[in-house]
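Observations on the three-dimensional arrangement
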Amino acid sequence: MELYRLKAHELRDLIHNKEVKCTEVTEALLNRIEEVDDKIGAFLYVAREEAMNAAKNVDDKISKGEKVGDLAGIPIAVKDNISVKGMQNTCASKILQGYKAPYDAHLVENLKRENAVILGKTNMDEFAMGSSNETSAYKMVKNPWDLDRVPGGSSGGSAAAVAAFEAPLSLGTETGGSVRQPASLCGVVGLKPTYGRVSRYGVVAFGSTLDQVGPMARDVEDCAIIAEAISGLDDRDSTTADITVQDYKKSLNKDIRGKRIGIPKEYFGEGLNDGIRKSVEEAVKVLEDNGAIVEECSLPLSEYALAAYYIIGSAEASSNLARFDGVRYGYRAKEFEDAVDLYYKSRSQGFGKEVKRRIMLGTYALSAGYYDAYYKKALKVRNLIKKDFERIFKEFDAVISPTSPTIAFKLGEKINDPLSMYLSDIYTVPVNIAGIPAISVPCGIVDGMPVGLQIMGNYYREDTLFNLAYSFEQSTDWHKKFANI
């Protein structure tokens with residue numbers, strides 16, 4: 001039995017039944033990383049010693065008959081912008097090289113409370129800015145399905161780690177689709193929870209009103225287990241909601257009779273790959289056969305979401321990244337004349353091209369004379385898009401679309417064409433603008449590469465998403481298709 005190929009809930013059952021030890025599971029995953037990650041580049045830091053110690057502690061608790069959590073002994077990969085005490089937290093940027101987190105993020109505290117094992121920190125686009133995982137300051141991530149293609153971004157390392165059997169579960173972050181898009185391109189399940197469902201305490205900020213941590217897994221059940229574990233109120237993050245987290249496992253059934261699903265015509269227009277269109281249409285038919293009521297609907301303001309997102313996101317990035325100055329931690333220029341020169345050289349040398357681009361865009365949008373024309377107007381558009389979704393969810397339980405307009409593109413294909421790269425997020429960005437939850441599940445294969453189905457739901461109704469996603473998954477075999485690596 002190859003332990004690294006098992007899903008999290010399968011490993012959980014083996015561990016709880018004392019058929020395998022947590023140390024055996026962790027060792028199997030660490031060996032798998034050692035075997036294949038030179039080809040993939042999914043990890044920036046592998047926590048071998050820490051992981052084995054954590055696994056041994058769980059084994060000791062189980063042997064003593066102590067109660068352990070649902071994720072006890074389950075190895076989890078964590079994106080390198082989420083704080084894990086004692087581990088690096090570089091955001092794949094030169095400017096944070098050498099920085100180690102002095103504390104755990106709230107969601108990491110939750111995972112440790114459940115006795116999960118942190119395998120290490122995954123690669124990403126620098127400061128989560130990118131859609132291909134080509135902007136990392138250290139190395140590119142490659143798609144396990146085809147090593148000449150991108151895994152998506154910015155959480156490409158987290159998606160690739162799950163797809164390549166280097167981890168059964170992983171965590172990424174979303175600002176405009178950075179969990180769902182790489183999940184789609186790598187053929188795994190990825191959830192973006194409602195804004196405020198998961199605490200951002202201990203997560204390096206990109207766009208504070210857009211960011212949200214989301215889990216990735218090889219099936220819907222695993223995704224539901226970890227999503228429930230990381231969710232909930234946190235007094236240290238005022239944006240978290242005091243709304244009860246449902247028992248997501250109770251949503252895992254095929255019965256979706258009477259569920260109303262909207263198909264927005266705006267998401268099936270120009271630019272959508274024909275093979276992806278066909279895969280999504282066939283997926284919708286499966287849900288219809290399972291009892292869902294499907295109707296066409298309209299989200300007319302979605303076409304403005306991408307423009308609003310890049311103004312709002314860049315403005316917030318400009319503000320959030322001002323703290324990285326080469327003084328307190330991270331990269332510091334070796335030669336400088338005075339304090340101003342130190343800031344200038346440290347930031348110029350420490351930040352990559354895409355990060356600089358977005359800082360400049362954001363600073364411009366926030367500057368005197370342009371604030372009203374750009375940032376303020378983008379906030380107004382955001383409010384209108386949010387009302388669009390609120391209107392739709394009075395009529396429908398969920399809305400369905402493709403996750404990405406294309407399959408994974410070739411490495412280097414779009415890196416010098418920012419506009420084309422930004423369009424990769426055209427179907428995912430509206431979700432972040434509105435703050436609603438959405439999940440991507442595998443729904444087909446086009447030209448040998450996986451395709452994702454996006455299911456969007458009402459605020460704090462992740463349970464509905466899991467119900468629909470599970471119903472589809474259990475009626476098809478797409479979740480059984482894996483990268484051959």
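Residues numbered from 1 in each chain as written. Predicted model: local features only at pLDDT ≥ 70, side-chain atom pairs only at ≥ 80, totals over all residues. Heavy atoms only, no water.

Named according to an unreviewed UniProt entry, the chain is Glutamyl-tRNA(Gln) amidotransferase subunit A originating from Clostridium tepidiprofundi DSM 19306. Under the UniProt heading Function (unreviewed entry), the note attached to the chain is "Allows the formation of correctly charged Gln-tRNA(Gln) through the transamidation of misacylated Glu-tRNA(Gln) in organisms which lack glutaminyl-tRNA synthetase. The reaction takes place in the presence of glutamine and ATP through an activated gamma-phospho-Glu-tRNA(Gln)." (UniProt positions renumbered as here; feature names shortened; annotations may be inferred.)

Remarks on unusual backbone geometry
The amide bond that connects G153 to the next residue, S154, takes the cis arrangement and shows omega of 5°. The residue S154 is located in the loop between β3 (117-122) and α5 (156-163) in this model. Backbone geometry places K18, a non-glycine residue, at a positive phi of 60°. With respect to the helices and strands, K18 occurs in the loop between α1 (8-16) and α2 (22-40). For K18, a relative accessible area of 58% gives the class exposed. Here D447, not a glycine, exhibits a phi torsion of approximately 55°, which is positive. (Helix = DSSP H or I, 4+ residues; strand = E, 2+ residues; numbered from the N terminus. Buried < 20%, exposed > 50% of the residue type's maximum accessible area, 1.4 Å probe, protein only.)

Structural notes on the packing of helix α4 (residues 106-113) against helix α7 (residues 220-230)
α7 packs onto α4 with a crossing angle of 115° between their chain directions and a minimal axis gap of 8 Å. Contacts between α4 and α7 involve L107, N110 and L111 from the first element and I226, A229 and I230 from the second. For the contact of α4 with α7, the residue count by class is five nonpolar, one polar and no charged. (Axes fitted to C-alpha atoms, helices over the stretch in contact; angles between N-to-C directions. Contact = heavy atoms within 4.5 Å. Nonpolar A, V, L, I, M, F, W, Y, C, P; charged D, E, K, R; others polar.)

Regarding the UniProt feature "active site" (unreviewed entry) in the chain
If you check UniProt for "active site" (unreviewed entry), the listed places come out as K79, S154 and S178 in our numbering. Spatially, the listed residues are clustered: although they cover 100 residues, their C-alpha atoms lie within 11.3 Å of one another. For S154, a relative accessible area of 0% puts it in the buried group. For S154, the contacting residues outside a window of four places in its chain are K79, N123, M124, D125, A128, M129, G130, N133, T173 and S178. Within the secondary structure layout, S178 lies in the loop between β4 (169-174) and α6 (180-186). Excluding its chain neighbours within four sequence positions, the residues that come into contact with S178 are A128, G130, G153, S154, S155, T173 and M216. From its side chain, S178 meets the backbone nitrogen of S154 in a polar contact 3.0 Å long. (Polar contact = N/O pair within 3.5 Å; in protein donor to acceptor, adjacent residues only side chain to side chain.)

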